[in-house]
Amino acid sequence: MADKLQLARQFIEAIPHARALGLELTHISNGEAEITMPYNEALIGDPRTGVIHGGAVSTMLDTSCGAAVMSHPTQPSSTATIDLRIDYMRAATPGQTITTRATCYHITRNVAFVRATATDEDRDNPVATASGAFTVEGK
């Protein structure tokens, strides 16, 4: 399992857009993953408000979901997004780090099901939530 976790960490850190966004994998274990993204003015979607673009948030959610699948105890070796629904609840607070937490809650022979939440410093008031289905390969 340790090798799979290290591979998942290396994979995420090697994704060019993940590097460009400054994504950092802060936790990965047994079907769970957490990724943080520090506030970056280059990622602002609305210059009037300073709010981070929703595309950066969706990338974080997708990446954390994939990491959760890759760290699942059944140890799939790779995954790809089949379907991802994202519900945006509010704008992230300018100047704050965004954190996504994902859990792979069910896995079949071919499909993994994942839920994720994105928050800023207000952990009780989500920025966005996601639910999705991901491929299971090499199980």
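Everything here concerns the structure above.
Reading the values: the criteria
Sequence order as written defines the numbering, with residues in each chain counted from 1. Only residues with pLDDT of at least 70 get local features here, since the model is predicted, and only at 80 or more are side-chain atom pairs given and counted; chain-wide, interface and lining totals rely on the full set of residues. Hydrogens and water molecules were not included; the side-chain quantities draw on all heavy atoms of the structure. Per the convention used, a helix needs a DSSP run of H or I reaching at least four residues, while a strand needs a run of E reaching at least two, with both numbered from the N terminus. Using C-alpha atoms as the atom set, the radius of gyration is obtained and then compared with a globule rule of 2.2 Å times the number of residues to the power 0.38. Per-residue accessibility, obtained with a 1.4 Å probe over protein chains only, is compared with the maximum for each type, and a residue is labelled buried under 20%, exposed over 50%, and partly exposed between these values. Here, residues are in contact when the closest pair of their heavy atoms is within 4.5 Å. In short, Shrake-Rupley with a 1.4 Å probe defines the accessible areas, and a residue's cover is counted only from the protein chains shown. In this analysis, the protein atoms alone were mapped onto a 1 Å grid. Cavities are point sets where a 1.4 Å probe fits without being able to get out; pockets are open sets with protein on both sides within 12 Å along at least five of seven lines; lining residues have an atom within 4 Å of a point. Grid points are joined across faces, edges and corners, and a volume is the space filled by probe spheres set on the points. Gly counts as polar in this scheme, as do all residues outside two lists: the nonpolar Ala, Val, Leu, Ile, Met, Phe, Trp, Tyr, Cys and Pro, and the charged Asp, Glu, Lys and Arg. Should DSSP find at least two bridges between two strands, the strands are regarded as paired. Here the axes come from fitting lines to C-alpha atoms, over the contacting stretch only for helices, and the angles between their N-to-C directions go from 0 to 180 degrees. In plain terms, two cysteine sulfur atoms within 2.5 Å form what is called a disulfide here.

Remarks on the overall build of the chain
And then number 1: Regarding its fold elements, the chain presents three helices and eight strands.
And then number 2: What you see in the chain, going N to C, is helices and strands ordered as α-α-β-β-β-β-α-β-β-β-β.
And then number 3: A compact globule built from 139 residues would reach a C-alpha radius of gyration of about 14 Å, and the chain, at 14 Å, matches this within 12%.
And then number 4: With respect to the three principal axes, the spread of C-alpha positions in the chain is 45 × 25 × 25 Å.
And then number 5: Within the chain, buried positions represent 42% of all 139 residues.
And then number 6: Long-range contacts, defined as pairs at least 24 residues apart, comprise 62% of the intrachain contacts of the chain with a sequence gap of at least 6.
And then number 7: For the chain, the accessible area works out to roughly 7,000 Å², and carbon and sulfur atoms hold 50% of it.

Some details on the layout of surface pockets
And then number 1: Size it by volume and the largest pocket reaches roughly 200 Å³.
And then number 2: Around the largest pocket sit 14 residues that line it, and Phe-11, Ile-15, Asp-62, Gly-66 and Thr-79 are the ones nearest its centre.
And then number 3: Of all elements in the fold, only α1 (2–14) and α3 (54–70) reach the threshold of two or more residues within the lining of the largest pocket.
And then number 4: Counting residues per element, the lining of the largest pocket draws most heavily on α3, which supplies five residues.
And then number 5: The class makeup of the residues in the lining of the largest pocket is seven nonpolar, six polar and one charged.

As for the environment of Ala-33
And then number 1: Structurally, Ala-33 is set in strand β2 (residues 32–37).
And then number 2: For Ala-33, a relative accessible area of 3% puts it in the buried group.
And then number 3: In contact with Ala-33, not counting residues within four places along its chain, are Leu-25, His-27, Ile-28, Ser-64, Ala-67, Ala-68, Thr-100, Arg-101 and Ala-102.

A few points about the sheet that holds strand β1 (residues 24–29)
And then number 1: An order of β1-β2-β6-β7-β8-β5 is seen for the six strands of this open sheet, with the pairing classed as antiparallel. The open sheet terminates on both sides in strands that have one partner only, identified here as β1 and β5 (81–88). Each strand of the sheet is rotated relative to its neighbour by a mean of 15°, with strand direction disregarded.
And then number 2: Where strand β7 (residues 111–119) lies against strand β8 (residues 128–135), eight bridges are found, and the strand directions are antiparallel. In the strand pairing of β8, Phe-113 is matched with Ala-133.
And then number 3: Against the sheet, α3 makes contact with β1, β2, β5, β6 (98–107), β7 and β8, and its axis sits at roughly 40° relative to β6, the strand it touches most.

Remarks on the side chain of Thr-63
And then number 1: Tracing the backbone shows Thr-63 in helix α3.
And then number 2: Other than its neighbours up to four places away in sequence, Thr-63 contacts Ile-12, His-17, Leu-23 and Ile-35.

Some words on the state of the cysteines
And then number 1: Tallying each qualifying case throughout the model produces zero disulfides.
And then number 2: Unpaired in this structure, Cys-104 has its nearest cysteine sulfur neighbour in Cys-65, at a distance of 9.1 Å.
And then number 3: Relative accessible area serves as the criterion here: at 7%, Cys-104 is assigned to the buried category.

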